[in-house]
Amino acid sequence: MRYRTKLSVLLIGLVVSLSLPGLIQAENKTVNKLLDIYKNQGATVADLKNGEMLWKKTYISKGEFPKRSCTTCHTEDLTKTGKHIKTGKEIKPMAPAANPDRLTSIKKINKWFKRNCKWTMGRECTAQEKANMLVYIENQTNF
Amino acid sequence: MKGLLAISSIVFTIGVLSIPVVWSDDDFNWKETGKYRDKSSGVAAITNPLYKEECGSCHMSYPPGLLPERSWVRMMSGLEDHFGDNAELDSETARSIEQFLLKNSADKSEYKRSRKFNQSIKSDVTPLRISELSYFKHEHDEIPKRMVTGNAEVKSFSQCNACHTKAEQGKFNEHDINIPGFGKWDD
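Given the structure is predicted, the values throughout are model-derived calculations rather than measurements.

In this section: the overall build of chain B. Assigned secondary structure in chain B consists of eight helices and zero strands. Written out in order from the N terminus, the α and β elements of chain B read α-α-α-α-α-α-α-α. Across the 187 residues that make up chain B, the buried fraction comes to 37%. Within chain B, contacts between residues at least 6 apart in sequence are counted, and of these 57% link residues at least 24 apart. When the accessible surface of chain B is split by element, carbon and sulfur atoms take 56% of a total near 11800 Å².

Before going further, it helps to examine the interface of chain A and chain B. Taken together, the 14 residues of chain A in the interface contact 18 residues of chain B. At the boundary of chain A with chain B, total buried surface from both sides reaches about 1400 Å², with 37% on carbon and sulfur atoms. Put simply, chain A and chain B have twelve residue pairs in polar contact (both at pLDDT 80 or more) between them.

Let's shift gears to the confidence of the model for chain B. Residue and element names in this part refer to chain B. Of all residues in chain B, 81% have pLDDT values of 70 or greater, and the mean over the chain is 87. Averaged over each element, pLDDT in chain B is lowest for helix α2 (residues 26–41) (54) and highest for helix α4 (residues 69–76) (98). This stretch, residues 21–32, has a pLDDT under 50; its non-local contacts, to residues over four places away or in other chains, come to two contacts. In the predicted assembly, ipTM is 0.77 and pTM is 0.78.

Attention shifts here to the pattern of salt bridges. Working definition: two side chains of opposite charge can pair if their charged atoms are close together. For the structure shown, the criterion picks out 16 salt bridges over all chains. We note a salt bridge from A:Lys56 to A:Glu52, for which the minimum N-O separation is 2.8 Å. Of this pair, A:Lys56 and A:Glu52 both sit in helix α3 (residues 48–56), separated by four residues, roughly a single helical turn. Between B:Glu53 and A:Lys108 there is a salt bridge, with its nearest N and O atoms 3.5 Å apart. Of this pair, B:Glu53 sits in helix α3 (residues 49–55) while A:Lys108 is found in helix α5 (residues 106–121), placing the two residues in two different chains. For B:Glu53, a relative accessible area of 38% corresponds to the partly exposed category. A relative accessible area of 41% means that A:Lys108 is categorised as partly exposed. Look at the salt bridges and you will find they share partners, linking A:Lys49, A:Glu52, A:Lys56 and A:Glu76 into a network.

Right, let's get into the environment of B:Ser9. Residues and elements named next belong to chain B. Looking at where Ser-9 falls in the secondary structure, it is placed in helix α1 (residues 2–23). For Ser-9, a relative accessible area of 37% gives the class partly exposed. Counting along the chain gives 176 residues from Ser-9 to Trp-185, while the straight-line C-alpha distance between them is 62 Å.

Looking at where A:His84 falls in the secondary structure, it is placed in the loop between β3 (82–83) and β4 (90–91). What makes A:His84 buried here is its relative accessible area of 9%. The residues touching A:His84, leaving out its near neighbours within four places in the chain, are A:Cys73, A:Lys89, A:Ile91, B:Cys58 and B:Asp85.

Moving on, we come to the layout of surface pockets. Reported here for the largest pocket is a volume of approximately 1100 Å³. For the largest pocket, the lining is made up of 41 residues, of which A:His74, A:Ile91, A:Met94, A:Arg102 and A:Trp112 are closest to its centre. When residues of the lining of the largest pocket are traced back to their parent elements, those giving at least two are α4 (70–74), β4, α5 and α6 (127–138) of chain A together with α3 of chain B. Of the residues forming the lining of the largest pocket, the biggest block, eleven residues, is contributed by α5(A). Taken as a whole, the second largest pocket encloses approximately 720 Å³ of empty space. As for the second largest pocket, its lining consists of 34 residues, of which A:Thr87, B:His59, B:Tyr62, B:His82 and B:Phe83 are closest to the centre. A class-by-class count of the residues in the lining of the second largest pocket yields 18 nonpolar, nine polar and seven charged.

Procedures and definitions
- Residues numbered from 1 in each chain as written.
- Chains lettered and ligands numbered in written order.
- Predicted model: local features only at pLDDT ≥ 70, side-chain atom pairs only at ≥ 80, totals over all residues.
- Heavy atoms only, no water.
- Helix = DSSP H or I, 4+ residues; strand = E, 2+ residues; numbered from the N terminus.
- Buried < 20%, exposed > 50% of the residue type's maximum accessible area, 1.4 Å probe, protein only.
- Contact = heavy atoms within 4.5 Å.
- Areas by Shrake-Rupley, 256 points an atom, 1.4 Å probe, with all protein chains shown as cover.
- Buried area = accessible area lost by both parts, 1.4 Å probe.
- Polar contact = N/O pair within 3.5 Å; in protein donor to acceptor, adjacent residues only side chain to side chain.
- pLDDT = per-residue confidence, 0-100.
- Salt bridge = Lys/Arg side-chain N within 4 Å of Asp/Glu carboxyl O.
- 1 Å grid on protein atoms, 1.4 Å probe; cavity = no way out; pocket = protein on both sides within 12 Å on 5 of 7 lines; lining within 4 Å.
- Points joined across faces, edges and corners; volume = space filled by probe spheres on them.
- Nonpolar A, V, L, I, M, F, W, Y, C, P; charged D, E, K, R; others polar.

Encoded structure:
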């Protein structure tokens with residue numbers, strides 16, 4: 001009996017660990033296409049950890065809100081609804097796991113990276129930074 | 001031949017006589033009256049989906065009939081610093097939105113409130129903030145600050161739709177007002 005329990009736990013563990021990467025890295029054609037574009041612009045392999053660091057980092061600015069971060073409007077949890085710091089308008093969750101419309105349009109992603117990197121960091125993001133943040137956003141899940 | 005002429009003249013007469021009846025059809029008249037009522041009180045509703053999508057993702061979509069053409073031109077030329085936020089658009093989208101704004105600006109509108117907004121602006125200035133126009137101030141001068149800037153659910157006079165429940169439809173009538181935490185507003 002004990003042996004059988006052990007075996008089934010092992011089997012379940014094996015199945016879960018094999019299928020997890022598949023679940024997390026669900027095929028996102030838009031993201032893959034963009035990663036290719038960023039590669040052509042000089043980016044190497046996307047680094048999720050660095051993406052997370054960039055997303056949560058606080059940048060100092062001279063404007064109305066001197067301490068700025070992606071989390072200022074989007075919050076620390078990308079599966080939750082955010083809020084525009086100035087207008088108070090709701091921002092739908094960034095993580096595709098919570099909002100399937102996210103990361104489905106290259107045009108939109110380009111537009112918001114341009115605007116929001118400039119507002120938050122005071123400059124445009126590099127191809128590498130965009131690649132890193134993209135995979136970070138893509139892989140945020142609520143489980 | 002004579003008979004045929006008589007019949008066709010009768011048919012013709014009936015046709016001519018029925019024109020006013022068809023013309024004054026109930027449905028037709030109601031629509032016109034509704035239109036007239038809207039124009040006499042509000043500003044034009046927003047009909048452009050691109051404008052709603054692009055400008056309405058960060059804030060309420062302000063009806064273009066709240067500012068004159070020269071203000072919208074200035075607004076669209078400074079999107080990189082849009083009241084402190086970056087709201088840059090690609091040139092194609094920007095051009096299309098600007099066309100919509102200019103076509104429906106306050107100085108070109110037949111709506112009563114648009115005319116009043118426009119008339120309250122001195123000809124030598126190009127304002128960007130609707131809430132700083134004299135007509136806007138005149139209309140809001142009796143409202144205590146605690147209901148707006150001191151009200152966590154409103155925060156600022158820029159959030160028209162916090163109290164004007166039909167603002168995005170261009171309706172600013174008193175009976176559509178609902179101030180969060182305070183309710184209806186009666187002058």
